[in-house]
Amino acid sequence: MRSIFLFNTLTRSIDQVIPNEPGVVKVYNCGPTIYNFAHIGNLRTFLFQDLLRRTLLACGYDVVFCMNLTDVEDKIIRDSQADLPQSADNETRLGAMRALTDKYEKHFLEDMTALGIQMPTHMPRATDYIPQMIRLVEGLESKGLAYERDGSVYFRVSELPDYGSLAHLDREGMKQGSSVDSDEYDRDSLNDFVLWKGYKPGEPWWESKWGNGRPGWHIECSAMSLDLFGEYLDIHTGGIDLVFPHHENEIAQSEGLLGHKWVNHWVHGEFLLVEGEKMSKSLGNFYTLRDLREKGIDPIVFRYAIQSNHYRKAYNFTFDGLSAAEASLKRIRGFRRRMEDQSAPGGGGEFKESIDPYIRVEKARQEFWDALCDDLNTPEALAALFTLITDINAQDDRILLLPDERSAILDFLDETDSIFAAWPHESRSLDQEVKELITARKIAKANKEWAEADKIREKIKDLGIVLEDRKDGSVSWHKI
Ligand code: AMP
Ligand code: ZN
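Described in the following lines is the structure provided in the data block. Computed from a prediction, not measured in an experiment: that's the story for all the values here.

The next thing to look at is the packing of helix α4 (residues 130-142) against helix α5 (residues 217-229). Between α4 and α5, whose axes approach to 9 Å, the crossing angle comes to 100°. Here α4 is positioned roughly perpendicular relative to α5, judged by the angle of their axes. On the side of α4, the interface is formed by Q132, M133, L136 and V137, while α5 contributes I219, E220, S222, A223, L226 and D227. Counted by class, the contact of α4 with α5 contains six nonpolar, two polar and two charged residues.

If you want it as structure tokens, here you go:
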């Protein structure tokens, strides 16, 4: 098992990951709000979470990985209720919300598959945890940390001396704020934030001791995480914008209830910008993965572009950047093909003195894992791989590699691909394509788009694959 070090937003230093239960790392990741297609900024954060998980796994840890789906909050309610009459009953309102979130959950899963993001161990939906949320708010109330006002319940921030330690708030210098109803707000004053929102006409609701209402956004993640992981969590992640107030408030809620430290490591991914600017629909620089695919961009090229940048550096998305990523990928894949093909001619590099491929691979391997274990330093890890490629290409020009030497190099390429998921062995890349098509077909069938489902089946057949629909709803496949 390798030691892994990660920047911790709580301590502002690079700390070793020391799981509470030796060998098992419990990770909670704030997931998407499923009311629309994820944009490429969101996807950057999910790719950083995937990088973290794959690195932990490759370093020998068991990983319990949770990514929640936010399926009730202000924007979801706004969009799902817009076409309903004022007279609509609660069942209709909940149903409309579910229909919208079901639709975008499916699209989100498609994006994850296309990007090679591994499915989490747990993917809880907030609306399945309403009783846990209510119990958590009740617990805070009984500890004097929460109070009710007009059917809503707020967290009493002044009762928690540590409030603000994640975001490093200067509590002394801040003015006392009021009770805020919105989930997002600035850090200019100390505000009592909302835990439970009292019923408003036109909104879906659940029953509670404070009357009908619905959860605030922050309580959702605390309740799901405590329910799934218990009192201690090793790592909690999200995009950098979530540090305040979302994660600060999660700490207040969970630690307020537990009475002790909850999360060891807070890890945040930096933002994606588009051509140097914040992405926004009004600027016309807002992209989803679909938009990129329509422009002919392979999702794995986007994956590689993101993963080749350090997760704690802002990533400036440009189409030129994607072309550069594609060229780098071609280099790695071309190298892999030559290593797989015993009869292929050597590379075109300048001849250097004879080298020992085993020693070179070992050096690259050491550098690769040292870099990843040091705060997921992917640029340095890739540099180690490219140095190896350059060295072997030069050597291979004049001296044929032995089959065992090629196989040692291929083993290392497999190892590196367990992180980057971008240069698989050919048959594995077929696997990935078939899996994506099977998911797309499942979705088409669920939506009763039979013609589309048949079209996808034909496409799969063109790849030389036969599908078999099993009785339990699963699908198996084999080559013709
Ligand atoms: P949401 O779907 O809005 O709940 O956001 C899902 C995740 O995307 C959160 O972890 C956000 O921090 C993250 N996120 C939002 N915008 C960006 C961006 N431009 N770049 C990187 N991550 C982002
Ligand atoms: Zn969250």
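The immediate surroundings of ligand 1 are formed by 15 residues, with T33, G41, T45, D241 and L272 found nearest. The backbone of G41 places a nitrogen or oxygen atom 3.0 Å from a nitrogen atom of ligand 1. Burial of ligand 1 by the surrounding chains reaches 87%, relative to a free accessible area of 500 Å². Breaking the shell around ligand 1 down by element, the ones donating at least two residues are α1 (40-58) and β10 (233-239). Of the residues forming the shell around ligand 1, the biggest block, four residues, is contributed by α1. Residues of the shell around ligand 1, tallied by class, amount to five nonpolar, eight polar and two charged.

Moving on, we come to the sheet that holds strand β11 (residues 263-269). Sheet architecture is open: four strands sit in the order β4-β3-β10-β11, paired in parallel fashion. One side of each edge strand has no neighbouring strand; the edge strands of this open sheet are β4 (62-67) and β11. Across the sheet, the mean angle from the axis of one strand to that of its neighbour is 20°, orientation sign disregarded. Taken together, the six bridges between β10 and β11 define a ladder with parallel strand orientation. Each bridged residue has a counterpart across the sheet, and for T237 the counterpart in β11 is V267. Along the sheet face, α5 touches β3 (24-29), β4 and β10 and points at about 160° away from the line of β3.

Now for the nonpolar core. Y163, F302, F317 and W423 are the most contacted members of the largest nonpolar core, which totals 130 residues. If one sorts the elements of this core by residue count, α1 sits on top with eight residues. Grouped together as the second largest cluster of nonpolar side chains are ten residues, L437, I438, I456 and V475 included.

Attention shifts here to the coordination of the zinc ion (ligand 2). The coordination sphere of the zinc ion (ligand 2) contains the protein donors C30 (SG), C221 (SG) and H246 (NE2), at a distance range of 2.1 to 2.2 Å. All donors of the zinc ion (ligand 2) belong to a single chain; written as a sequence motif, their spacing is C-x190-C-x24-H. Taken as a pair, C221 in helix α5 and H246 in helix α6 (residues 243-258) lie far apart in primary sequence, 25 residues in all. When sorted by exposure, C221 lands in the same class as H246, which is buried.

What counts as what
- Residues numbered from 1 in each chain as written.
- Chains lettered and ligands numbered in written order.
- Predicted model: local features only at pLDDT ≥ 70, side-chain atom pairs only at ≥ 80, totals over all residues.
- Heavy atoms only, no water.
- Axes fitted to C-alpha atoms, helices over the stretch in contact; angles between N-to-C directions.
- Helix = DSSP H or I, 4+ residues; strand = E, 2+ residues; numbered from the N terminus.
- Parallel < 35°, antiparallel > 145°, perpendicular 65-115°, else oblique.
- Contact = heavy atoms within 4.5 Å.
- Nonpolar A, V, L, I, M, F, W, Y, C, P; charged D, E, K, R; others polar.
- Near = heavy atom within 4 Å.
- Polar contact = N/O pair within 3.5 Å; in protein donor to acceptor, adjacent residues only side chain to side chain.
- Areas by Shrake-Rupley, 256 points an atom, 1.4 Å probe, with all protein chains shown as cover.
- Pairing = 2+ DSSP bridges.
- Core = buried A, V, L, I, M, F, W, Y, C linked by side-chain atoms within 4.5 Å.
- Buried < 20%, exposed > 50% of the residue type's maximum accessible area, 1.4 Å probe, protein only.
- Donors = N, O, S within 2.8 Å, 3.2 Å for Na, K, Ca; no water.

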